[in-house]
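What follows is each chain in one-letter form.
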Amino acid sequence: MSSSTIALQGLPEEKIDMLAATSVLQQQASEIRGYRVNWQSYLQSQMITQEDYGIISEFDHGDAAKREKIILEKRSQLAKTFLNLLEHVSKDQTIQYILVIIDDMLQEDHKRVEIFREHSLRKREPACGQFLNLLNGSDGFIVNMTARIIAKIACWSNELMDKADLNFYLTWLKDQLKITNNEYMQSVARCLQMMLRIDEYRSAFISVDGISTLLSVLSGRVNFQIQYQLIFCIWVLTFNPKLAERMNKFSVIPILADILSDSVKEKVTRIILAVFRNLIEKPEDRAISKEHCIAMVQCKVLKQLSILEQRKFDDEDIVEDVQFLNEKLQASVQDLSSFDEYATEVKSGRLEWSPVHRSSQFWRENAARLNEKKYELLRILVHLLETSRDALVLSVASYDIGEYVRHYPRGKNVIEQLGGKQLVMQLLSHEDPNVRYEALLAVQKLMVHNWEYLGRQLEKEQNANAGKAPSVLNAKA
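This structure is a prediction, so every number in the text was calculated from the model and none was measured.

Draft legend 1. The overall build of the protein chain, seen in detail. Across its full length, the protein chain holds 30 helices and zero strands. Once local pairs closer than 6 in sequence are excluded, the contacts in the protein chain between residues at least 24 apart make up 71%. Carbon together with sulfur atoms contributes 47% to the accessible area of the protein chain, which is approximately 22900 Å² in total.

Draft legend 2. Inspection of the packing of aromatic side chains at higher detail. On inspection of all chains with the given rule, the structure shows twelve aromatic pairs. For the pair F362 and W363, a centre-to-centre distance of 5.2 Å together with 80 degrees between the ring planes defines the contact as edge-to-face. Of the residues examined, F362 reaches a relative accessible area of 3% and is grouped as buried. We classify W363 as buried; its relative accessible area is 0%. Taking the centre distance of 5.5 Å and the plane angle of 20 degrees together, the rings of Y404 and Y408 count as stacked. With relative accessibility at 0%, the residue Y404 sits in the buried group. If you follow K267 out to its NZ or CZ, it ends over the ring of Y228, 4.7 Å from the centre.

Draft legend 3. Geometry of the pattern of salt bridges. Inspection of every chain in the model, using the stated rule, returns 26 salt bridges. Between K347 and E291 there is a salt bridge; the shortest N-O distance is 2.8 Å. Here K347, found in helix α22 (residues 338-348), pairs with E291, found in helix α19 (residues 286-298); they are 56 residues apart in sequence, far enough to count as distant. Of the residues examined, E291 reaches a relative accessible area of 27% and is grouped as partly exposed. Look at the salt bridges and you will find they share partners, linking R67, E68, E108 and R112 into a network.

Draft legend 4. Inspection of the nonpolar core at higher detail. Membership of the largest hydrophobic core comes to 119 residues, with the highest contact counts inside it found for F82, F116, F131, M161, Y169, M195 and F276. The element best represented in this core is helix α10 (residues 140-156), accounting for eleven residues. Not counting residues within four places of it along the chain, the set of residues in contact with F116 comprises A79, F82, L83, I102, M105, L106, F131 and I153. Formed by 36 residues, the second largest nonpolar core is a distinct cluster that contains A367, A397, L427 and V443.

Draft legend 5. Representation of helix α7 (residues 92-108) in the model. Over its 17 residues, α7 runs 24 Å from end to end, which matches the ideal 24 Å to within 8%, given 1.5 Å per residue. In terms of burial, α7 is a largely internal element, twelve of the 17 residues being buried. What α7 keeps buried is the set T94, I95, Q96, Y97, I98, L99, V100, I101, I102, D103, M105 and L106.

Draft legend 6. Spatial organisation of α19. Between its first and last C-alpha, α19 extends 19 Å over 13 residues, near the 18 Å set by a 1.5 Å rise per residue. Buried within α19 are the following residues: I288, S289, H292, C293, I294, A295 and M296.

Draft legend 7. Highlighting the packing of helix α14 (residues 210-219) against helix α15 (residues 224-237). At a closest axis distance of 10 Å, the pairing of α14 and α15 adopts a crossing angle of 150 degrees. Taken as axis vectors, α14 and α15 run roughly antiparallel relative to one another. Classified by chirality, the crossing of α15 by α14 is left-handed. Along the contact surface, α14 presents I211, L214, L215, V217 and L218, while α15 presents Q227, L230, I231, C233, I234 and L237. Classifying every residue of the contact of α14 with α15 by side-chain character gives ten nonpolar, one polar and no charged.

Draft legend 8. Just the packing of helix α17 (residues 252-262) against helix α18 (residues 266-281), in detail. One can describe the packing of α17 onto α18 by two numbers: an axis separation of 10 Å at closest approach and a directional angle of 150 degrees. As judged from the angle between their axes, α17 and α18 are roughly antiparallel. Every pair of crossing elements has a handedness; the one defined by α17 and α18 is left-handed. The residues of α18 that touch α17, namely those facing V252, I253, L256, A257, I259 and L260, are V268, T269, I272, L273, V275, F276 and L279.

Draft legend 9. Representation of the confidence of the model for the protein chain. Residues with a pLDDT of 70 or more make up 89% of the protein chain, whose mean pLDDT is 87. With pLDDT under 50 throughout, residues 1-21 is counted as low confidence; its partners more than four residues away or in other chains account for 53 contacts. A low-confidence stretch, residues 469-477 (pLDDT under 50), is modelled with 25 contacts involving residues beyond four sequence positions or located in other chains.

Draft legend 10. Geometry of the environment of L85. Along the chain, L85 turns up in helix α6 (residues 75-88). Here the alpha-carbon distance between L85 and I95, two residues ten residues apart in the chain, equals 7.9 Å. Not counting chain neighbours up to four residues away, the residues in contact with L85 comprise W39, I48, I56 and I98.

Draft legend 11. Seen up close, unusual backbone geometry. Although it is not a glycine, S251 adopts a positive phi angle of roughly 65 degrees. Note on placement: S251 falls in the loop between α16 (241-246) and α17. One non-glycine residue with positive phi stands out, namely K373, at about 50 degrees. Tracing the chain through its elements places K373 in helix α25 (residues 372-387). Since its relative accessible area comes to 60%, K373 is described here as exposed.

Draft legend 12. Broad picture of the environment of I226. Mapped onto the elements, I226 comes out in helix α15. Separated by 38 residues in the primary sequence, I226 and V188 place their C-alpha atoms 9.9 Å from one another.

Draft legend 13. Molecular detail of the side chain of D321. Residue placement: D321 occurs in helix α21 (residues 316-334). By relative accessible area, which is 9% here, D321 ends up buried. A polar atom in the side chain of D321 sits 2.9 Å from the side chain of R277.

Draft legend 14. The arrangement of the state of the cysteines in detail. Within this structure, the stated rule accounts for zero disulfides. No disulfide involves C155; its sulfur sits 8.8 Å from that of C191, the nearest cysteine. For C155, a relative accessible area of 10% puts it in the buried group.

Definitions and limits used
Residues numbered from 1 in each chain as written. Predicted model: local features only at pLDDT ≥ 70, side-chain atom pairs only at ≥ 80, totals over all residues. Heavy atoms only, no water. Helix = DSSP H or I, 4+ residues; strand = E, 2+ residues; numbered from the N terminus. Contact = heavy atoms within 4.5 Å. Areas by Shrake-Rupley, 256 points an atom, 1.4 Å probe, with all protein chains shown as cover. Phe/Tyr/Trp six-rings, centres within 6.5 Å; stacked < 30°, edge-to-face > 60°. Buried < 20%, exposed > 50% of the residue type's maximum accessible area, 1.4 Å probe, protein only. Lys NZ or Arg CZ within 6 Å of the ring centre and 35° of its normal. Salt bridge = Lys/Arg side-chain N within 4 Å of Asp/Glu carboxyl O. Core = buried A, V, L, I, M, F, W, Y, C linked by side-chain atoms within 4.5 Å. Expected span 1.5 Å × (residues − 1). Axes fitted to C-alpha atoms, helices over the stretch in contact; angles between N-to-C directions. Parallel < 35°, antiparallel > 145°, perpendicular 65-115°, else oblique. Left-handed = near helix turned anticlockwise from the far one by under 90°. Nonpolar A, V, L, I, M, F, W, Y, C, P; charged D, E, K, R; others polar. pLDDT = per-residue confidence, 0-100. Polar contact = N/O pair within 3.5 Å; in protein donor to acceptor, adjacent residues only side chain to side chain. Disulfide = S-S within 2.5 Å.

Below is the structure:
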């Protein structure tokens, strides 16, 4: 296989796999296996051919040895029969039964997916083409069992999935995650767990905005099983060094740190720690690994690690990961410059009144550094002004832009070019008085030329209006 599957070390396979027997799809499949389809009636009504009738009757009523014999001796006809039945039978209950038979057949022996690939090659069609059409149906069981079969063909075949079909399928899975109270969420997540073990499928998942969707779901209220499965998906993504380097641009660390602080399930704790370890170990750029360490420190992960150290775990992986993360995060704290701390906070999007913001020394020494990497940090601050609904974030971002302008000679021009001046001015009418106040100060800094005069004026206003949001300051422009 040209795809580079990863060796998923550290988690036993039985712990990796979801509790399939408890999923809605598996419960329904157990019931459907008990159906008895009257294939003779389909033949008599000319809905299926004599050839297809012969194959499906023999396969359906045969024991394991008989089915194996058919697979070995009539594999081409078997694939053709299954696909003919799915195309020509209209009764949902029968389609459900056919899909369960196919899924069971593939589960018994992964190599059997080649039956469908060989058939598609003869017809010069994509291996999953006909199955993908079923995803447009309305029956929940049919579409989700079909999705499960597609995942198996895509992952167990000797050939990778066709690119266009892959994007269609991953987009379908992503959209299923967004459905509120989707009873098949476990099954959808299980398909993703399979698909994302294959490196070539990971970049395709990124391209359909898959990570943002995973994190959006994890930010909401989902049960621990779904938490585990979706974080597992993030974990396998981080085995790719390039993806591990990009991951925190999606705020993975803050979101997983929040879940870790609330987690009561050992397997959820274990998989989060495994993600954090990969985010430090896998990036090839050591500066990014350092950024990830600092982000974890800022998200109070050290506190959670100290709590976990007090608990007794049977799982050695948890103990090892806690020790590893503790060492790395403690080292990063000792090596942490104030600018590193500031940059990581800005990139997290979770601004608060940490000491660096109010430090005149920090701004004197570091204002010019906000121009680095094509104004990366300034662009983030401006983006937060435009998109954030958090009053604290807006207040701090406004303040920082004002301090940048105050301490960097050409700052006013830079902020104006980035669109920051207009956004700050819009905040003058914000509903929150603290946001209005910080926006007002920032606007004055954007307009003032005599800093010494402004300083005296600000001091007078603050003394006169202690504890109140001030009126417009009469700064000399």
